[in-house]
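# Architecture and fold: a report
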Amino acid sequence: MTIKTVQFTHPGGQHSLNHIEKKRGIKEWNTGEHARKFLIADGQYVIGNKLSTPKDLLFWGEWEPCSSIKKTYKPADRILFSTYLHSPFLQLDKRGNVVKKKSNLNTTTNLKGCSTSCSKTCSPFQNTDPFVFGDCFFYSLCKQRHFSCLRNLDVGSIILFGSTISAKRGGPYFALDTVFVVGEKRHYTEKTAQKDLDGFIPQYYDEIMGFDTKNTEPLVCYKGASFNNPVNGMYSFVPCKPSDEIGFDGFKRAELRNADFASIAIPPFNQRKKNPVYISNNLNSSPNIIISDLAHNKMVWDRICQILDSQNYKQGLRFRYNVKIEQ
């Protein structure tokens, strides 16, 4: 059985800006370690059994290409609270090719970047994973090389992306930024991604991911279940807040704790696992995995929705980034 609930940690810190970026008001394509961004983008959120009209939504997520800085905050804690408000965009040249550039590298390239840390032999531009823009979410790379279980998730599996918050910051708890429900999947390698994922991924996705064309390791590209195409009533979404309700105020990421799921039984498939939990309050880099089924996952998904509603978050989706053409 490969239906699972996966608690997936990624770095909780935020991007800083160098003096050139501050002067220009633009955060350039990230060439360092992954980090979070507090984002504003056009999107929709769920209201009952329908979606809102498109509007500006505020949310936490990953966007490694360029972003315009719309507001600067002065938080007491740079892990918990937003430092900048980013508006995501993708730079294209006049021919419609994605442009990756970094002024302090003195380079401009349309080559596909490496998918992990940079080296001298490949482009160092970071990927965005999970990708929450467009009609469906996508997850295709992060940690799959190191944890084979992440390449074996069936439709109906749930991946909860977020970061561990320590006790000194009011935790321990899990700061949630993305709820990903697997809707479809396709096997691929980075070397043959263009052919393997043809017709499956959205425009520019392969450039944004920067697949390493030298890597032949088998991987899986997951497409998230959507509001219009749910799995057992479940769909992918991001906790968000509409700017027309709260202005441009920053806020913390949603909080999940082990105790929040005490009422949901752990499926019997996990009997060999010591002290299995849906949410670990102190999770390190290794994913926390519960072998599940559609019925248990629906209970977990419903409980997450209840928790987020109590914390005044909306279920955001269909986010759009901006496209800019070089003059």
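Anyway, here's the lowdown on the structure attached to this text. (Residues numbered from 1 in each chain as written. Predicted model: local features only at pLDDT ≥ 70, side-chain atom pairs only at ≥ 80, totals over all residues. Heavy atoms only, no water.)

### A closer look at the overall build of the protein
As a reminder of what qualifies: Numbering of helices and strands starts at the N terminus; helices are DSSP runs of H or I of at least 4 residues and strands are runs of E of at least 2. Radius of gyration: over C-alpha atoms. The globule rule applied is 2.2 Å multiplied by the number of residues raised to the 0.38 power. Burial classification: accessible surface area is computed with a 1.4 Å probe over protein chains only, and a residue below 20% of its type maximum counts as buried, one above 50% as exposed, and the rest as partly exposed. By definition in these notes, contact holds between two residues if any of their heavy atoms fall within 4.5 Å. The Shrake-Rupley method, run with a 1.4 Å probe, gives the accessible areas here. Residue values count only the displayed protein chains as cover. Charge counting follows a simple rule: Lys and Arg are positive, Asp and Glu are negative, and His as well as the terminal groups are ignored. To locate a charge, take atom NZ for lysine, CZ for arginine, CG for aspartate or CD for glutamate.
When helices and strands are tallied, the protein shows five helices and 18 strands. Relative to a compact globule of 327 residues, whose C-alpha radius of gyration would be 20 Å, the protein shows 19 Å and is just as compact. The principal-axis extent of the C-alpha atoms belonging to the protein is close to 55 × 45 × 40 Å. Evaluated residue by residue, the protein yields a buried proportion of 55% over its 327 residues. Counted over contacts in the protein with a minimum sequence separation of 6, partners at least 24 positions apart contribute 72%. Here the protein has roughly 14,600 Å² of accessible surface; of this, 48% comes from carbon and sulfur atoms. Charge centroids of the protein, computed over 44 positive and 30 negative side chains, lie 4 Å from each other.

### Digging into helix α5 (residues 294–310)
Applicable threshold: Expected helix span is given by 1.5 Å per residue-to-residue step, counting one fewer step than there are residues. Polar contact is the term for a pair of N or O atoms within 3.5 Å; when the atoms are in protein, one must be able to donate a hydrogen and the other to accept it, and sequence-neighboring residues count only if both atoms are side-chain atoms.
Its 17 residues give α5 an end-to-end C-alpha distance of 24 Å, which sits within 8% of 24 Å, the value for a rise of 1.5 Å per residue. Every buried residue of α5 is listed here: H296, N297, V300, W301, I304, C305, I307 and L308. Packed against the buried residues of α5 are β1 (4–9), β11 (158–165), β12 (173–188), β14 (238–242), β15 (254–256) and β17 (314–320). Sitting at the amino-terminal end of α5 is D293, which places a side-chain oxygen 3.3 Å from the backbone nitrogen of A295. Of the residues flanking the end of α5, it is N312, one or two places downstream, whose phi is positive at about 65°.

### Concerning the environment of R320
For R320, the location among the structural elements is in strand β17. In the structure, R320 is positioned 87 residues away from G233 in sequence and 24 Å away in space, judged by C-alpha atoms. Setting aside residues no more than four positions away along its own chain, R320 makes contact with A41, D42, F133, G134 and D135. Polar contacts involving the side chain of R320 include one to the side chain of D135, which spans 2.9 Å.

### Some points on the pattern of salt bridges
The line we're drawing: Here, a salt bridge means any Lys or Arg side-chain nitrogen found within 4 Å of an Asp or Glu carboxyl oxygen.
A complete count under the given rule lists 13 salt bridges for this structure. One salt bridge connects K27 with E21, and the closest N-O pair in it is separated by 3.5 Å. Given the relative accessible area of 1%, E21 is considered buried. K252 is paired through a salt bridge with E255; the nearest N and O atoms lie 3.0 Å apart.

### Here we look at the pairing of strand β13 (residues 219–224)
Short version of the rule: For two strands to count as paired, DSSP must find a minimum of two bridges between them.
Burial within β13 is extensive, with six of its six residues counted as buried. Side chains of β13 alternate between two faces, with L219, C221 and K223 and V220, Y222 and G224 buried alike. As paired strands, β12 and β13 are joined by six bridges and run antiparallel to one another. Its bridge partner being in β13, R186 is matched across the sheet by C221.

### Regarding the state of the cysteines
Covalently bonding the sulfur atom of one cysteine to the sulfur atom of another cysteine gives a disulfide. Our working definition: Pairs of cysteine sulfur atoms within 2.5 Å are identified as disulfides in what follows.
Taken as a whole, this structure holds zero disulfides when the rule is applied. Left unpaired, C149 is separated from the closest cysteine sulfur, that of C142, by 13 Å. No disulfide involves C221; its sulfur sits 11 Å from the nearest other cysteine sulfur, which is in C136.

### What to know about unusual backbone geometry
Cis geometry marks the peptide bond from D129 to P130, where omega comes out at 10°. With respect to the secondary-structure elements, P130 resides in the loop between β9 (107–109) and β10 (138–139). Going from G171 to P172, the amide bond is cis rather than trans, its omega being 5°. With respect to the helices and strands, the residue P172 is situated in the loop between β11 and β12. Unlike most non-glycine residues, K143 shows phi in positive territory, near 70°. Mapped onto the elements, K143 comes out in the loop between β10 and β11. K143 sits in the buried class, given a relative accessible area of 17%. Phi at N312 takes a positive value of approximately 65°, unusual for a residue other than glycine.

Any functional reading would require information beyond the geometric quantities listed.
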